Amino acid sequence: MSAASPATEPAKRVLLAKPRGYCAGVDRAVIAVEKALELYGPPVYVRKEIVHNRHVVDTLRERGVIFVDETSEVPDGELVVFSAHGVSPAVHAEAAERNLRTIDATCPLVTKVHKEVNRFAKDDYDILLIGHQGHEEVEGTSGEAPERVQLVDTPEDAAGVQVRDPSKVVWLSQTTLSVDETMERVEQLRERFPGLADPPSDDICYATSNRQVAVKAMAAECDLVLVVGSRNSSNSKRLVEVALQAGARDAHLIDFAREVDESWLEGVTTVGVTSGASVPDVLVMDLLAWLAERGWAQVDEVTTANEKIAFALPRELRQAAK
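Residues numbered from 1 in each chain as written. Predicted model: local features only at pLDDT ≥ 70, side-chain atom pairs only at ≥ 80, totals over all residues. Heavy atoms only, no water.

Peer 1: Sorry, what's going on with the nonpolar core here?
Peer 2: The tendency in soluble globular proteins is for nonpolar side chains to be buried as a group. If you look at the biggest cluster of nonpolar residues, it comprises 31 residues, and the most contacted ones within it are Ile-50, Val-51 and Val-81. A domain-level breakdown of this core finds at least three residues from each of domain 1 (13–21 + 206–303) and domain 2 (24–106 + 310–319). Ignoring any residue separated from it by four or fewer positions in sequence, one finds Ile-50 in contact with Ala-29, Val-33, Val-56, Leu-60, Phe-67, Val-81, Phe-82, Ser-83, Ala-84, His-85 and Ala-105. Membership of the second largest hydrophobic core comes to 21 residues, among which are Leu-16, Leu-265, Leu-287 and Leu-288. (Core = buried A, V, L, I, M, F, W, Y, C linked by side-chain atoms within 4.5 Å. Buried < 20%, exposed > 50% of the residue type's maximum accessible area, 1.4 Å probe, protein only. Domains from an automatic or database assignment. Contact = heavy atoms within 4.5 Å.)

Right, dumping it as structure tokens:
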């Protein structure tokens, strides 16, 4: 009788989400800072982080970009770039008063939400902004009409918020939220305010939504999902949550391949890999190389959308280039 053949181990593989990484708004913002350096030379000041990614910020800092928390830290008359997350009218006014040269790299999809706030405030609506307390985008959006905007972050916020006229209330949202979590808040609010109006168009950006759909498509097959992104990146953190909710056994957020704890790989056959909308793809390629060295050399791309959107550079740079 022949000896039983040893059981073959399941093949190790990586499922690579597409789309992933840079969205059009992030690409535009980073290029805007690079162009400002080319046109004007360092230093170029940037209010807050241009995008929420450590690698991008550190690389630009090495090239002469000075990141500041507030416009007041920029010397009079110098050049300051406003980040992709947007700023309030008060920040624009302060910059004008101090004779600062400005480049507004606000993502056009964030600008769209700002315009929605202005439109509904003008029509005397109460605006319930679904978003995360303290996030720069929320601060800029709320600042368009602070007397009309109320932030709804938690279930408790949704249960406690008060409006003047339930027939004149609308919800808007931060662009980088989890689609599912946002709709949970909307349903909570609609139970209290049946006349709650919807945004004129989807506020959650196409890139945030697309990256979540791609993760959902592969998560159930994954023993581990690694999301490349920084801790202060809202959309990157949401990808970890979405992966776990969609059936991944484990999921972690990392900035760099070196941050992977090898104990996470014990018993793992299929690793899912994706990245947040502010992450350059070189960091994903580094992670794939790191995994390949440890036996996960097979990479299968999971494609759920092909993104072809591009945004023109900020008006100030287009004019300077002429």
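Peer 1: In this structure, what is going on with the UniProt feature "binding site: dimethylallyl diphosphate" (unreviewed entry) in the chain? I would like to understand it.
Peer 2: Using the residue numbers shown here, the UniProt feature "binding site: dimethylallyl diphosphate" (unreviewed entry) corresponds to His-52, His-85, His-135, Ser-233, Ser-234, Asn-235 and Ser-278. Turning to its location among the elements, His-135 is positioned in the loop between β6 (126–130) and α5 (136–142). In this structure His-135 comes out as buried when scored by relative accessible area, which is 10%. With residues near it in sequence (within four places) discarded, His-135 still touches His-52, His-85, Gln-174, Thr-176 and Ser-234. Along the polypeptide, Ser-278 turns up in the loop between β11 (270–275) and α10 (281–293). Overall, the relative accessible area of 4% leaves Ser-278 in the buried class. Dropping the residues within four chain positions of it, Ser-278 is found in contact with Tyr-22, Val-26, Val-51, His-52, Asn-53, Val-56 and Ser-233. A polar side-chain atom of Ser-278 sits 3.1 Å from the main-chain carbonyl oxygen of His-52. (UniProt positions renumbered as here; feature names shortened; annotations may be inferred. Helix = DSSP H or I, 4+ residues; strand = E, 2+ residues; numbered from the N terminus. Polar contact = N/O pair within 3.5 Å; in protein donor to acceptor, adjacent residues only side chain to side chain.)

Peer 1: How should the pattern of salt bridges be read in this particular structure?
Peer 2: A side chain of one charge can pair with a side chain of the opposite charge when the charged atoms of the two come close. Taken as a whole, this structure holds 24 salt bridges when the rule is applied. For Glu-116, the salt bridge is made with Lys-112, and the minimal N-O distance between the two is 3.2 Å. Of this pair, Glu-116 and Lys-112 are both found in helix α4 (residues 108–122), four residues apart, which corresponds to roughly one turn of the helix. By relative accessible area, which is 23% here, Lys-112 ends up partly exposed. Notably, a salt bridge pairs Asp-223 with Arg-249, separated by 3.1 Å at the nearest N-O pair. Here Asp-223, found in the loop between α8 (206–219) and β9 (224–228), pairs with Arg-249, found in the loop between α9 (234–245) and β10 (251–254); they are 26 residues apart in sequence, far enough to count as distant. Because the salt bridges share partners, they merge into one network encompassing Asp-124, Asp-126, Arg-148 and Arg-164. (Salt bridge = Lys/Arg side-chain N within 4 Å of Asp/Glu carboxyl O.)

Peer 1: Before we go on, may I ask you to explain the pairing of β11 in this structure?
Peer 2: On any regular strand, side chains alternate: one points to one face of the sheet, the next to the other face. Of all six residues that make up β11, six are buried, and the element is covered over most of its length. Every second residue of β11 is oriented toward a common face, with Thr-270, Gly-272 and Thr-274 on one face and Val-271, Val-273 and Ser-275 on the other, all of them buried. In this sheet, β11 lies alongside strand β1 (residues 13–18) in parallel orientation, the contact comprising four bridges. Each bridged residue has a counterpart across the sheet, and for Leu-15 the counterpart in β11 is Gly-272. Both β9 and β11 contribute to a ladder of five bridges, which runs parallel. In the sheet register, Val-228 faces β11, and the bridge partner there is Ser-275. (Pairing = 2+ DSSP bridges.)

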